[in-house]
2 protein chains.
Amino acid sequence: MKQQLPENTVERLSHYRRVLLNYQFLDHAFIFSHNLARLSKTNPVTVRRDLMLINVSGDVHKGYIISDLIAQISKAIDSDQTEKVAFIGIGDLGKTVYEYFTQFNEKLVVAAAFKFGAVKSVTQDDVPLYNIADLMQVIKNEGITICVVAVPREFANDISQILVNSGVRGILNFSSVPLQLPSHIYVEQYDMIIKLEKIAYFLNRPPKKK
Amino acid sequence: MKQQLPENTVERLSHYRRVLLNYQFLDHAFIFSHNLARLSKTNPVTVRRDLMLINVSGDVHKGYIISDLIAQISKAIDSDQTEKVAFIGIGDLGKTVYEYFTQFNEKLVVAAAFKFGAVKSVTQDDVPLYNIADLMQVIKNEGITICVVAVPREFANDISQILVNSGVRGILNFSSVPLQLPSHIYVEQYDMIIKLEKIAYFLNRPPKKK
């Protein structure tokens, strides 16, 4: 059993890996914590603490070996088995995610997309596309465990219930309604309304720089 | 000039208002800070501090008057003028947002949606739908100031640049690439890849409850 990491650390480690994968293309072999911090928009103390939690330490003079760091982060946060992801009502948003997982994270596979009224076909990225009516059957057959739910609010709770009954254990909820689900389901909420109201507020009075 | 509020306070005030608008339907006239905190998944101290920042205080025995609280939050965070919002490549996700603004926030108007290859028409919610090729012209003509950008990563920077040149001042960026924009543009990032990797991590080891 791997050691349990705090939620914010897991998010940052995922972010560091993204940054490092890009940085690696520039033919760097090493990186200092202050550079990784700058590229990840956090501070060096946080970076060093996060990396200590996964038992990685850098060389004082050279910094961290990038390829080792990527491998250690993957070992710490990726699932042992592959998890299958499905998108429900997500539109173009899925494309970037699909490309990234295909290239860099073989433990996450985008296995299906669902749309209201869709005819069974494939998306532009060759992800199988299904009608939402086939949700339960496809989720079960494919063994999908994670779903991104971006359906209108009136359907959000019914659809999540179907997902949970079909074996889904993690949900990224974009529907702006709280989901009533058993406590063993891991739900991550995103509320676009709050973010848009925040942007409107700061349009005319930019926040002070940190 | 209104007083400048911290970014997290603005997000929470937006959230409180959503909660209060729902709560109001239940025929309550008053609410205590601990109830508002529970419904908003925060703590009473934070609620009271946020509301003090907008000069609202409750009655020790009755709590806050809900209608007053909604009015004070709106006064504190809403723009004086109406801001127009557009969705670019967002799919079904825009529907919930559109419904909420139409009902509850007249200072935010969803004025347009854009899609690659779209023929000029209207969405299911009667929002005018345009081809992305018409981006600059429509944004300028309509005076749109806020855009939600959910296009594939290879287009994200070019499209944001067009938006800024057309007068947009706030961007909600879903493209998972950092945008290179002038500092007076208010950008809010959302990175779905990080959230999915986090969900995958916690699927098999639920975090400790706070």
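Bear in mind the structure is a predicted one, so any value in this text is a computation, not a measurement.

Student: What is the right way to read the environment of Pro 178 of chain A from this model?
Tutor: Residue and element names in this part refer to chain A. Within the secondary structure, Pro 178 sits in the loop between strand 8 (170-173) and strand 9 (186-189). Judged by relative accessible area, which is 49%, Pro 178 ranks as partly exposed. In this structure, the C-alpha to C-alpha distance between Pro 178 and Ala 156, residues 22 residues apart in sequence, is 8.8 Å. Here Pro 178 is in contact with Asn 157 and Gln 189, once residues within four sequence places are set aside.

Student: What exactly am I supposed to notice about the side chain of Glu 11 of chain A here?
Tutor: With respect to the helices, strands and loops of the structure, Glu 11 of chain A is situated in helix 1 (residues 7-24). Setting aside anything within four residues of it in sequence, one finds Glu 11 of chain A in contact with Glu 188 of chain A together with Ile 194, Lys 195 and Lys 198 of chain B.

Student: So what exactly am I meant to see when it comes to the sheet that holds strand 6 (residues 128-131) of chain A here?
Tutor: Strand pairing in a sheet is mediated by backbone hydrogen bonds. Such pairs are either parallel or antiparallel. Residues and elements named next belong to chain A. Strand order in this open sheet of 7 strands is 5-6-4-3-7-8-9, and the pairing throughout is mixed. Two strands bound the open sheet, and with one partner strand each, they are strand 5 (121-122) and strand 9. Here 2 bridges tie strand 5 to strand 6, and the two strands are oriented antiparallel to one another. Each bridged residue has a counterpart across the sheet, and for Ser 121 the counterpart in strand 6 is Leu 129. Packing against the sheet, helix 7 (residues 153-165) makes contact with strand 3 (83-88), strand 7 (146-149) and strand 8, and its axis sits at approximately 160° to strand 8.

Student: Mind showing me how you'd approach the domain arrangement of chain A here?
Tutor: Where interface size is quoted, it is often the accessible area lost as the parts come together. Residues and elements named next belong to chain A. Domain annotation of chain A identifies domain 1 (7-77) and domain 2 (83-194). Using C-alpha coordinates to define each centre, domain 1 is positioned 30 Å away from domain 2. Counting residues at the interface gives 6 residues for domain 1, matched by 5 residues for domain 2. Summing the contributions of domain 1 and of domain 2, the shared interface buries around 460 Å²; its carbon and sulfur component is 52%. Three residues, Arg 17, Arg 18 and Leu 21, lead the burial of domain 1 against domain 2; their summed loss comes to 63% of the area buried on that side. Applying the counting criterion to the domain 1 and domain 2 interface returns 0 salt bridges.

Student: Explanation requested: the confidence of the model for chain A in the structure shown.
Tutor: Interpretation of the predicted coordinates at a detailed level should be avoided for regions scoring low in pLDDT. In this model, chain A carries a mean pLDDT of 86, and residues with pLDDT of at least 70 account for 92%. Across the assembled chains, the prediction reports ipTM 0.84 with pTM 0.78.

Student: Before we go on, may I ask you to explain the interface of chain A and chain B in this structure?
Tutor: Between chain A and chain B, the residue contacts involve 72 residues of the former and 72 residues of the latter. At the junction of chain A with chain B, the criterion picks out 12 salt bridges. Between Glu 11 of chain B and Lys 198 of chain A there is a salt bridge whose closest N-O contact spans 2.8 Å. Applying the counting rule to chain A against chain B returns 18 residue pairs in polar contact (both at pLDDT 80 or more). In terms of residue count, the dominant contributor to the side of chain A that touches chain B is helix 8 (residues 192-203) of chain A (12 residues). Its residues placed into classes, the side of chain A that touches chain B shows 36 nonpolar, 14 polar and 22 charged.

Student: Please explain the packing of helix 6 (residues 135-142) of chain A against helix 7 of chain A as it appears in this structure.
Tutor: In helix packing, the relevant descriptors are the interaxial angle and the interaxial distance, both defined with respect to the helix axes. All names here are of chain A. At a minimum axis distance of 9 Å, the contact between helix 6 and helix 7 shows a crossing angle of 30°. Relative to helix 7, the element helix 6 is oriented roughly parallel. Crossing of helix 6 against helix 7: the hand is right-handed. Here Leu 135, Met 136, Ile 139 and Lys 140 of helix 6 come into contact with helix 7, specifically with Ile 159, Ile 162, Leu 163 and Asn 165. Its residues assigned to classes, the contact of helix 6 with helix 7 comprises 6 nonpolar, 1 polar and 1 charged.

Rules and cut-offs
- Residues take numbers from 1 onward in each chain, read along the sequence in its written order.
- Whichever chain is written first is A, and whichever ligand is written first is 1; the rest continue in order.
- This being a predicted model, a pLDDT of at least 70 is required before a residue's local features are given, and a value of 80 or more before pairs of side-chain atoms are given or counted; all residues contribute to the totals for chains, interfaces and linings.
- As a rule here, side-chain values cover all heavy atoms of the structure and leave hydrogens and water aside.
- Per the convention used, a helix needs a DSSP run of H or I reaching at least four residues, while a strand needs a run of E reaching at least two, with both numbered from the N terminus.
- When accessible area is computed with a 1.4 Å probe and restricted to protein chains, residues below 20% of their type maximum are described as buried, those above 50% as exposed, and intermediate ones as partly exposed.
- Whether two residues touch is decided by their heavy atoms; if any such pair falls within 4.5 Å, the residues are in contact.
- At least two DSSP bridges between two strands are required for those strands to pair.
- In this analysis, axes come from line fits to C-alpha atoms, helices being fitted only over the stretch in contact, and the angle between any two N-to-C directions falls in the range 0 to 180 degrees.
- Residue ranges assigned to the domains are those given by an automatic or database domain assignment.
- A 1.4 Å probe defines the accessible area here, and the buried area is the portion of it lost by two parts on being joined, summed over both.
- A side-chain nitrogen of Lys or Arg and a carboxyl oxygen of Asp or Glu constitute a salt bridge if their distance falls within 4 Å.
- One number per residue, pLDDT, summarises how confident the predictor is, and it ranges from 0 to 100.
- A 3.5 Å cut-off defines polar contacts: any pair of N or O atoms within that distance qualifies, except that in protein one atom must be a possible hydrogen donor and the other a possible acceptor, and neighbouring residues in sequence count only when both atoms are side-chain atoms.
- The residue classification treats Ala, Val, Leu, Ile, Met, Phe, Trp, Tyr, Cys and Pro as nonpolar and Asp, Glu, Lys and Arg as charged. All others, Gly included, are polar.
- An angle counts as roughly parallel when it lies under 35 degrees, as roughly antiparallel when it exceeds 145, as roughly perpendicular when it falls between 65 and 115, and as oblique in every other case.
- The handedness criterion is simple: a crossing whose near helix is rotated anticlockwise from the far helix by less than a right angle is left-handed, and one whose near helix is rotated clockwise is right-handed.

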